[in-house]
Amino acid sequence: MENTDIFAQTRRDLADDMDARGIGAIIWDNATAGFHFIPEINLAADDAEQPDCARVAGLYEYDGTLYLIEEDKGAFDFNDFYDADTEVRPSVVTLSPAIARKMLGDPSKREGFSTGGSIEEWLTVTDCYYEALNEAVEEQPE
């Protein structure tokens, strides 16, 4: 299997897992989530002298494409996902496909979403996705 096939399969597997769980988007707070790695992608061209890195704060599936949600790029405001007066700020938020579309819209027409990144960067994002799912379960009240 070639690298491009592995890369495409990794993204398909993530999207399939999100679909199976009824998740349209998963967003995490890198500052409070207990991840082993901080997910970052290099947005610069391969031949650029300096990297242009963006931290990844989640995943969003829209019309069959899996997008990375870039941290601090205006794609969302974490404060919109909880009531600061009555709730503790979560580290992870999952949105159904319908709510994700309503709140996040068309990522191809907004800043803060990307489909770029290398295989290695996506593998780190994949690791963070599963860690975020574990945190979301731990944050659920009993």
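Residues numbered from 1 in each chain as written. Predicted model: local features only at pLDDT ≥ 70, side-chain atom pairs only at ≥ 80, totals over all residues. Heavy atoms only, no water.

Visitor: Looking at this structure, how should I read the layout of surface pockets?
Guide: Where empty space is left can be seen by rolling a probe of water-molecule size over the atoms. When its volume is computed, the second largest pocket comes out at roughly 160 Å³. Surrounding the second largest pocket, 14 residues form its lining, Glu71, Asp72, Phe76, Phe78 and Arg89 being those nearest its centre. Considered class by class, the residues forming the lining of the second largest pocket number 5 nonpolar, 2 polar and 7 charged. (1 Å grid on protein atoms, 1.4 Å probe; cavity = no way out; pocket = protein on both sides within 12 Å on 5 of 7 lines; lining within 4 Å. Points joined across faces, edges and corners; volume = space filled by probe spheres on them. Nonpolar A, V, L, I, M, F, W, Y, C, P; charged D, E, K, R; others polar.)

Visitor: Any chance you could explain the side chain of Asn30 here in plain terms?
Guide: Tracing the chain through its elements places Asn30 in the loop between strand S1 (25–28) and strand S2 (40–42). Of the residues examined, Asn30 reaches a relative accessible area of 6% and is grouped as buried. Within the structure, Asn30 has its side chain in polar contact with the side chain of Glu71 (distance 3.1 Å). With sequence-adjacent residues up to four places away left out, Asn30 is seen in contact with Phe35, Ile38, Pro39, Arg55, Val56, Ala57 and Glu71. (Helix = DSSP H or I, 4+ residues; strand = E, 2+ residues; numbered from the N terminus. Buried < 20%, exposed > 50% of the residue type's maximum accessible area, 1.4 Å probe, protein only. Polar contact = N/O pair within 3.5 Å; in protein donor to acceptor, adjacent residues only side chain to side chain. Contact = heavy atoms within 4.5 Å.)

Visitor: Got a minute to help me understand the pattern of salt bridges in this structure?
Guide: Should their charged atoms come close, side chains of opposite charge can pair. This model, assessed by the stated rule, comprises 6 salt bridges. Of the charged contacts in the structure, one is a salt bridge between Asp17 and Arg21, with a shortest N-O distance of 2.6 Å. Here the residue Asp17 and the residue Arg21 both occupy positions in helix H1 (residues 3–21), the gap between them amounting to 4 residues, near one helical turn. A salt bridge links Lys109 to Asp106; the shortest N-O distance between them is 3.8 Å. (Salt bridge = Lys/Arg side-chain N within 4 Å of Asp/Glu carboxyl O.)

Visitor: Mind showing me how you'd approach the side chain of Glu135 here?
Guide: On the secondary structure map, Glu135 appears in helix H3 (residues 119–139). One buried charged residue, Glu135, remains without a salt bridge, the closest side chain of opposite sign being Arg89 at 11 Å. Only 2.4 Å separates the side chain of Glu135 from the backbone nitrogen of Gly34, close enough to count as a polar contact. (Lys, Arg positive; Asp, Glu negative; His and termini not counted.)

Visitor: Help me understand the packing of aromatic side chains, please; the structure alone is not making it clear to me.
Guide: What describes a pair of aromatic rings is the distance from one ring centre to the other and the angle between the planes of the rings. Summed over all chains, the structure comprises 8 aromatic pairs. Geometrically, the ring pair formed by Phe76 and Phe81 is tilted, given 6.1 Å between the ring centres and 40° between the ring planes. On the accessibility criterion, Phe76 (21% relative accessible area) is partly exposed. Judged by relative accessible area, Phe81 falls into the buried class, the value being 16%. Aromatic rings pair up to connect Tyr60, Tyr62, Tyr67 and Phe113 into one cluster. Seen from the ring of Trp122, Arg11 lies directly overhead, with NZ or CZ sitting 4.5 Å from the centre. (Phe/Tyr/Trp six-rings, centres within 6.5 Å; stacked < 30°, edge-to-face > 60°. Lys NZ or Arg CZ within 6 Å of the ring centre and 35° of its normal.)

Visitor: I'm lost on the environment of Asp72 in this one. Help?
Guide: Relative to the helices and strands, Asp72 resides in the loop between strand S4 (65–70) and strand S5 (92–95). Looking at Asp72, the relative accessible area reads 73%, which means it is exposed. Sequence separation of Asp72 and Val56 is 16 residues, and the distance between their C-alpha atoms is 9.3 Å.

Visitor: Would you mind going over the nonpolar core with me for this structure?
Guide: As a rule of thumb, soluble globular proteins bury nonpolar side chains together. Core analysis: the biggest nonpolar cluster contains 23 residues, and Ile26, Trp28, Leu59, Leu68, Trp122 and Tyr129 have the highest contact counts within it. For this core, the secondary-structure elements that each account for two or more residues are H1, S1, strand S3 (53–62), S4 and H3. With 8 residues, H3 is the single largest residue contributor to this core. In terms of nonpolar packing, the next biggest core, distinct from the first, is built from 14 residues, Tyr67, Ala75, Ala100 and Phe113 among them. (Core = buried A, V, L, I, M, F, W, Y, C linked by side-chain atoms within 4.5 Å.)

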